[in-house]
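Per-entry structural report
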Amino acid sequence: MQQPTATVLVYSDDANTREQVRLAAGRRPAADVPPVEFLECATLPAVLKALDAGGIDVCVLDGESVPAGGMGVCRQIKDEVFDCPPVLLLMGRPQDAWLATWSRAEAAVTLPVEPVGFAASLAALLRARLDDKAPAVRA
């Protein structure tokens, strides 16, 4: 029997940043969340197409991506995508936390990706998302 997985969309125009995310999260960011599969996107159209197809549990967006930065992408998808997955934003500097708030991201961490903090933030978002998607138990 195959174990269910969670799908994490990773958006960055930088392949090294996408790799940092994959390595920091590992196959399972915490013992109490399912293993993760990554869907990597390097462009905004690819992100929108993936979200339109559905099945994404969490988005990790690089705020330093060009030409479409992750903060603007986050705000756009929060406005345009029904039942938008939670977003973990990668910021270049801690001083950009106000922009993460403006973008409506649920969590933010700074670059370069610090594995322990990143995995903890990702796991928290996965728990929240999977709890929201769990079927209601009727008494």
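Below: a short report on this structure. In this text the structure is predicted, and so the values were computed from the model without any measurement. (Residues numbered from 1 in each chain as written. Predicted model: local features only at pLDDT ≥ 70, side-chain atom pairs only at ≥ 80, totals over all residues. Heavy atoms only, no water.)

With respect to the overall build of the protein chain
When helices and strands are counted, the protein chain shows 5 helices and 5 strands. Helices and strands appear in the protein chain in the N-to-C order β-α-β-α-β-α-β-α-β-α. Taking 139 residues into account, the globule formula puts the C-alpha radius of gyration at 14 Å, and the protein chain, at 14 Å, falls close to it. Structurally, the protein chain occupies a C-alpha span of about 50 × 30 × 25 Å along its principal axes. The burial tally for the protein chain puts 44% of its 139 residues in the buried class. Residue pairs in contact within the protein chain that sit at least 24 positions apart in sequence constitute 69% of those at least 6 positions apart. (Helix = DSSP H or I, 4+ residues; strand = E, 2+ residues; numbered from the N terminus. Rg over C-alpha atoms; globule rule 2.2 N^0.38 Å. Buried < 20%, exposed > 50% of the residue type's maximum accessible area, 1.4 Å probe, protein only. Contact = heavy atoms within 4.5 Å.)

Description of helix α2 (residues 44–53)
For α2, every residue scored as buried is listed here: Val47, Ala50 and Leu51. Along the long axis of α2, the arc covered by the buried residues comes to 95°, so they all point the same way. More than 90 degrees from the buried face of α2, the exposed residues found are Pro45, Lys49, Asp52 and Ala53. Next to the buried residues of α2 lie β1 (6–11), β2 (36–41), β3 (58–62) and α3 (70–80). The positive-phi residue at the C-terminal boundary of α2 is Gly54, with phi of around 85°. (Arc of directions from axis to C-beta.)

Focus: unusual backbone geometry
For the peptide bond that leads from Val66 to Pro67, omega is 5°, which places it in the cis range. Residue placement: Pro67 occurs in the loop between β3 and α3. Going from Leu111 to Pro112, the amide bond is cis rather than trans, its omega being -5°. Notably, Asp83 is not glycine yet its phi reads approximately 50°, a positive angle. Looking at Asp83, the relative accessible area reads 51%, which means it is exposed. Not every positive phi belongs to a glycine, and Arg104 is a case in point at roughly 75°. Note on placement: Arg104 falls in the loop between α4 (97–103) and β5 (107–110).

A short note on the environment of Gln3
Tracing the backbone through its elements, the reader meets Gln3 in the segment before β1. Distance from Gln3 to Pro34, taken between C-alpha atoms, is 7.7 Å for residues 31 residues apart in sequence. The residues contacting Gln3, other than those within four sequence positions of it, are Arg28 and Pro35.

A word on the nonpolar core
With 21 residues, the main nonpolar core has Val21, Val60, Leu88, Leu90, Phe118, Leu122 and Leu126 as its most contacted residues. Broken down by secondary-structure element, the contributors of at least two residues to this core are β1, α1 (15–25), β3, β4 (87–91), β5 and α5 (115–133). At 5 residues, α5 tops the list of elements feeding residues into this core. Discounting residues that sit within four places of it in the chain, Leu90 has contacts with Thr17, Val21, Val60, Leu61, Asp62, Gly63, Glu64, Val109, Leu111, Val113 and Phe118. Counting residues in hydrophobic clusters, the runner-up holds 20 residues, among them Leu9, Ala50, Leu89 and Met91. (Core = buried A, V, L, I, M, F, W, Y, C linked by side-chain atoms within 4.5 Å.)

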